[in-house]
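Inside the fold
Letter by letter, the chains look like this.
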Amino acid sequence: MSQKLKQTVLIVLFVVFSIPVFAQVTGDYRSKATGNWGSASTWQIYNGIAWVNATSYPGQNSNVGTVTIGSGNTVTLNVNITSYTIDKLIIGNESGGNDTLLFSDNNDWDVDIMLVAIQSDGIISWQGNTVLKLPEDGIIYNNGGEIEGKCSEAKRILLGDRLFSSCKGNVGEYSFDEIEGALPPPTSNGDITECAENPIQTLTASATPPSGAHVVWYTATSGGSPVSPTLNTVGNVTYYGESVDNSDSNRRSLFRTAVKLTILPRPTISVSSPPTCVFRLFSPTTYQLEVTVNTGTVTSTAGTVANTSGNVWAITNVPSGTNIVVTVTGANGCTNQLPVTAPNCACPVVNSPTSGGNKSYCTGDAVPSITASVGFGETVDWYDSASGGSLLLLGNTTYTPAGPGTYYAEARNTTTNCRSGARTAIVVTQDTPPTATIGPDQSIFTGGNAIFTVTATNADTYQWQVSTDGGTVYNNISNGAEYAGAQSTALTVKTAGADKNGYRYRVLTSKSGSSCPSTASSSALLTVKVSTVITNRKITYRVDM
């Protein structure tokens, strides 16, 4: 019996699932004749320039990139491949002939092949009662080819020790027919890695579903609830995409495609010693400065750069009047640039302003003012960039911005109008208030436990409260004999007595370091039912009412 697999047969996690006809690279194999896998005369190998006769079979002496069975050849698997790994086995070279991988006897074959692709002219001829064991993270992928042979439960496919499938399906997780009817998982559009921007950007995972389907994202390889696959903080997260039929939501892919999002931190750089002029007899005037970074290596568009100590770098011998850009490059490849305006060496040195501190505010509140201090006879001009840019406010040590962002203070001598060589950055951040949605009311019998829950966003701190007067006054709860989880997302009221009947509970949520105040959830009611004793003659019954 022949089964034609019209869609993906087996998929394993963390793999891009579209299978092209791969271009050869040095060390790839292809069949040149019908024969046994374990015979070198069956194969040719690519030496980087041309295909030549092989002196060993694929997987015999080294790891292999791609092996292709094509040109109408039939290759009979007669060896285990466990010492080395083959990345891809492609059955069929799209030339129109029948290209066959044959299991002719009743052996169990253990092969370290990570991906098996059956192309439109490819065939797996499963004549014997053969068990094919692939690695735990292996793949068999059908692209219009065939599996032929009389079907029986003894024809099996294992992924590691996992019995994934038998032909009839009465053992293993799926029959071949069930696997054939499943959607292929989406094709990953690639992991995304970017350096953090200011303000922080949002990365979104993406994948291409098969025709007539869409992608639903999760945070795990199986189970869970759908999520939006985004990242907008420094760090990384992996999302898993599942194909879902547009017409039948019950028809899905058996496995999910992993896409990893990463936002890398940028190194920081600041001027720790402002630009100062250096006057020398019989030599051109230059200027110098020092910068401090948190990590990385420093370069400059002009001058001499040297690491003086720790994370402090000196830029010297910069020609007078030459503006420069100082760049720090972190070990992760991310960079940060600091434009420096050349000091006017005909002017007295003007030091950069001293920041009054970064500020934050909660959404809906007024934007706070920022400040910078300067020396006697100096004032501050405010800009929207570290160099050049637009003037926001002239001659004031205090500035009230329109919204969040990074603002730059430049010192200016009010008599000479000489300016500081660098500007001082001050950051204004807008915090999002937390939200809190409490779970349902709870009803228990005396002596039982009640559990109240809360779902929150933008929160990492919780404080449960109780009202004994119907919701007028609430007091904080502490863990002890009566309660557990008073500072978590789930509060347990332990062995509640009838005296707690009618108590109401709520939770205060807040975010550490946020300027936003705590948010109180709505309240949930606790109902405590009393057990009733019914006596009939000498027999006593206890009935929960």
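Up top you'll find the structure we're talking about.
Below is a summary of the structure that appears in this document. Computed from a predicted model, the values in this text were never measured in an experiment. (Residues numbered from 1 in each chain as written. Predicted model: local features only at pLDDT ≥ 70, side-chain atom pairs only at ≥ 80, totals over all residues. Heavy atoms only, no water.)

Structural notes on the sheet that holds strand E37 (residues 378-383)
Pairing within the open sheet is mixed, and its five strands lie in the order E35-E41-E40-E37-E38. Both edges of this open sheet fall to strand E35 (359-362) and strand E38 (391-393), since each of them pairs with a single strand only. Sheet twist, expressed as the mean angle between neighbouring strand axes with direction ignored, is 35°. Sheet topology note: the E37/strand E40 (residues 405-413) ladder contains six bridges and is antiparallel. (Pairing = 2+ DSSP bridges. Helix = DSSP H or I, 4+ residues; strand = E, 2+ residues; numbered from the N terminus. Axes fitted to C-alpha atoms, helices over the stretch in contact; angles between N-to-C directions.)

Some remarks on the packing of aromatic side chains
In total, this model carries eight aromatic pairs according to the counting rule given. Where Tyr46 meets Trp51, the ring centres are 5.3 Å apart and the plane angle is 55°; that geometry is what we call tilted. Judged by relative accessible area, Tyr46 falls into the buried class, the value being 13%. Taken together, the ring pairs in this structure connect Tyr29, Trp37 and Trp43 into an aromatic cluster. (Phe/Tyr/Trp six-rings, centres within 6.5 Å; stacked < 30°, edge-to-face > 60°. Buried < 20%, exposed > 50% of the residue type's maximum accessible area, 1.4 Å probe, protein only.)

Here's the deal with the state of the cysteines
As enumerated under the stated definition, the model contains four disulfides in all. Put simply, Cys151 and Cys167 are joined by a disulfide, and their sulfur atoms are 1.9 Å apart. Measuring the twist about the S-S bond at about -130°, one finds the Cys151-Cys167 disulfide to be left-handed. Residue Cys151 is located in the loop between strand E15 (146-148) and strand E16 (156-159), and its partner Cys167 is located in the loop between strand E17 (162-166) and strand E18 (174-175); the two are separated by 16 residues in the primary sequence. When its relative accessible area of 13% is taken as the criterion, Cys151 is described as buried. The class for Cys167 is buried, based on a relative accessible area of 7%. Here Cys362 pairs with Cys516 through a disulfide, and the sulfurs are 2.0 Å apart. Handedness here is read from the sign of the S-S torsion; for Cys362 and Cys516, about 100°, the answer is right-handed. With Cys362 in strand E35 and Cys516 in the loop between strand E49 (504-510) and strand E50 (519-520), this pair connects stretches of sequence that are 154 residues apart. Neither residue differs from the other here; Cys362 and Cys516 are each classed as buried. (Disulfide = S-S within 2.5 Å.)

These figures come from the coordinates and say nothing about function on their own.
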